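Geometric and topological summary
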Amino acid sequence: MKEKIFTDIVKRLNEIKKIANLSDKEIELLSKPKKVSYTTLQIDNQKLPAWRILFNDALGPGKGGIRFHPGVCKDEVLSLAFWMMIKDALAEIPYGGAKGGVKFDPQKASLKKLEKVSRKFIDAFYVVLGENKDIPAPDVYTNSQVMAWMLDEYEKKVGHHEPAIITGKPVELQGCVLRDDATARGGFIIIKEMIKNLKLNKKNLKIAIQGFGNAGSNLTQMLWQDGFKIVATSDSQGGIYYQKGLNIPKLSKVKNQSGSVINFTTGQVISNQKLLELPVNILILAALENQITKENANNIRAKYIVEIANGPISYQADKVLFAKNINIIPDVLANAGGVIVSYFEWAQNKTGNVLDKKYLEKLLQQKMIASWRKVITIHKEYKNRIDLRTAAYLIAIKRILAAEKLRGHLNN
Ligand code: NAD
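Cut-off values and rules
Residues numbered from 1 in each chain as written. Predicted model: local features only at pLDDT ≥ 70, side-chain atom pairs only at ≥ 80, totals over all residues. Heavy atoms only, no water. Core = buried A, V, L, I, M, F, W, Y, C linked by side-chain atoms within 4.5 Å. Buried < 20%, exposed > 50% of the residue type's maximum accessible area, 1.4 Å probe, protein only. Helix = DSSP H or I, 4+ residues; strand = E, 2+ residues; numbered from the N terminus. Contact = heavy atoms within 4.5 Å. Axes fitted to C-alpha atoms, helices over the stretch in contact; angles between N-to-C directions. Parallel < 35°, antiparallel > 145°, perpendicular 65-115°, else oblique. Nonpolar A, V, L, I, M, F, W, Y, C, P; charged D, E, K, R; others polar. Near = heavy atom within 4 Å. Polar contact = N/O pair within 3.5 Å; in protein donor to acceptor, adjacent residues only side chain to side chain. Areas by Shrake-Rupley, 256 points an atom, 1.4 Å probe, with all protein chains shown as cover. Domains from an automatic or database assignment. Pairing = 2+ DSSP bridges. Right-handed = clockwise from strand over helix to strand, strands pointing away. UniProt positions renumbered as here; feature names shortened; annotations may be inferred. Salt bridge = Lys/Arg side-chain N within 4 Å of Asp/Glu carboxyl O.

Topic: the nonpolar core
As a rule of thumb, soluble globular proteins bury nonpolar side chains together. Membership of the largest hydrophobic core comes to 92 residues, with the highest contact counts inside it found for Phe-82, Leu-223, Ile-282, Ile-284, Ile-329 and Ile-397. With eleven residues, the top contributor of residues to this core is helix α3 (residues 74-90). Sequence-distant contacts of Phe-82, defined by excluding residues within four places in its chain, comprise Phe-6, Ile-9, Leu-13, Leu-30, Phe-55 and Tyr-393. In terms of nonpolar packing, the next biggest core, distinct from the first, is built from 23 residues, Leu-41, Phe-68, Phe-121 and Val-146 among them.

Here it is, written out as structure tokens:
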């Protein structure tokens, strides 16, 4: 199924071509990565496939996370790099799009092996990386410790300090105080804005959240603390459903102690598939891509879906959900908090300035709301004939193409 993601991205671009009256050359530029780097990392007696893909750098250096997962493949890294290009342009931060990944199972790996993979990744790709070239960050199953090893290895290679080469670092290594829960914070701001705009009453809302990792668990806690009712959540082992509302601090404790939310005793254990189809008002997707496809799109009962994961809804499923009048807050808008705070970290590292936490929180809030308003405005301009994802793409693509044109890349 995964092998198709990028083909679907190109289909979507061709739809946008008609809506925005774009030329063949513009579409070609938007659908071709600038640099694909691939190698295998020799770890003990294994060879692990690894990629770093710079999709576009018209607006600034490449920016995007590194994923460690057994499902990593070229199609996935390429798609994630494309989405980063759109996300960065929409957020108006001075970056292009990039992504990286290593195909292996980090959950079965020792700490020592994780460190080896992290350092080997940098040994293999440090030439294509740099604070003004391409800047990695964490993604699925990579964290601040992985970023710390990668920073250390990079600085050994180049022979000088360069903290802005990578973001999502521990605070002790010039990371940003907001980075740990930045994606969740951004998602929380967008959900609050959506509820305000739609005049929904939070007391009447039931929420289900797929994924209880960095993004999902932090967002779940923020929503719970703000008085929202979370009826279900899940991780890779399955889900837990309690109609009266889960006690999230207690559930987090169980997850930390036992490794899975399914060990929580209040509620019913359900499959990830079942979680997606629950009778809730808001469904938040915070795990992996392609969770809602044409196979299950018709079974979705939530009226609003928030994409915290990248690409959790397939192209075909998007069509089904649009026809069912289900509103999707797209990934490139809803999960941009992570990369916006990465930008704060990078800017701090480059200037040597350390900014106040309260100030950064306010800046994040302003940037998230500005993006939300831009998307809603375009959506209204098209009189709701397009979905919010298309509206977001239209804004981002306009910026990227303007930069390409100014650089002279679109002249005949
Ligand atoms: P993570 O590694 O911390 O957590 C991933 C979560 O997904 C875990 O709870 C895992 O158990 C769960 N999961 C894995 N396979 C699953 C499956 N088949 N069904 C249900 N759950 C499953 O990762 P994360 O950083 O929280 O990232 C989650 C998503 O958010 C990814 O799509 C990632 O690209 C996206 N994202 C993350 C950030 C960030 O800053 N962390 C930023 C933007 C987007």
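Regarding the packing of helix α7 (residues 214-225) against helix α8 (residues 248-258)
The packing of two helices is summarised by the inter-axis angle and the distance between the axes. Look at α7 against α8: their axes get within 10 Å of each other, and the N-to-C directions meet at 155 degrees. Accordingly, the angle class assigned to the pair α7 and α8 is roughly antiparallel. On α8, the residues touching Thr-220, Gln-221 and Trp-224 of α7 are Ile-248, Pro-249 and Ser-252. Counted by class, the contact of α7 with α8 contains three nonpolar, three polar and no charged residues.

A look at the site of the ligand
Taken together, 21 residues lie near the ligand, and Asp-139, Thr-183, Asn-214, Ser-236 and Asn-310 sit nearest. Here Thr-183 contributes a side-chain N or O atom positioned 2.6 Å from an oxygen atom of the ligand. When the ligand sits alone it has 830 Å² of accessible area, and the protein chains cover 88% of it. For the shell around the ligand, the residue count by class is nine nonpolar, eight polar and four charged. Per-domain counts for the shell around the ligand show at least three residues from each of domain 1 (33-175) and domain 2 (182-334).

Things to note about the pairing of strand β11 (residues 304-307)
Every other side chain in a regular strand lies on the same face of the sheet, so the side chains alternate between the two faces. Burial along β11 is two-sided: Tyr-304 and Val-306 and Ile-305 and Glu-307, pointing in opposite directions, are all buried. Examined bridge by bridge, β11 and strand β12 (residues 327-329) share three bridges and lie parallel to one another. Bridge pairing links Tyr-304 to Asn-327 in β12. With helix α10 (residues 315-323) bridging β11 and the parallel β12, this β-α-β connection has right-handed handedness.

A closer look at the UniProt feature "active site" (unreviewed entry) in the protein
UniProt tags Lys-99 as "active site" (unreviewed entry). Take Lys-99: it is sitting in strand β4 (residues 97-103). Setting aside residues up to four positions removed in sequence, Lys-99 forms contacts with Trp-51, Arg-52, Ile-53, Gly-64, Gly-65, Val-77, Leu-80, Ala-81, Met-84, Asp-139 and Asn-310.

What about the pairing of strand β3 (residues 62-69)?
Among the eight residues in β3, eight count as buried, and that is most of the element. Here β3 runs beside strand β5 (residues 134-138); their pairing, made up of five bridges, is parallel. Looking across to β5, one finds that Ile-66 is bridged to Pro-138.

Remarks on the UniProt feature "site: Important for catalysis" (unreviewed entry) in the protein
Following the UniProt record, one finds the feature "site: Important for catalysis" (unreviewed entry) at Asp-139. Apart from residues no more than four positions distant in its own chain, Asp-139 is found in contact with Gly-65, Ile-66, Arg-67, Lys-99 and Asn-310. Reaching out from Asp-139, the side chain makes a polar contact with the side chain of Lys-99 at a distance of 3.2 Å.

A word on the pattern of salt bridges
The tally for this structure, following the rule as stated, stands at 33 salt bridges. Of the charged contacts in the structure, one is a salt bridge between Arg-12 and Asp-318, with a shortest N-O distance of 3.0 Å. Of the two residues, Arg-12 is situated in helix α1 (residues 5-20) and Asp-318 in helix α10; the sequence distance between them amounts to 306 residues. Assigned by exposure class, Arg-12 and Asp-318 land together as buried.

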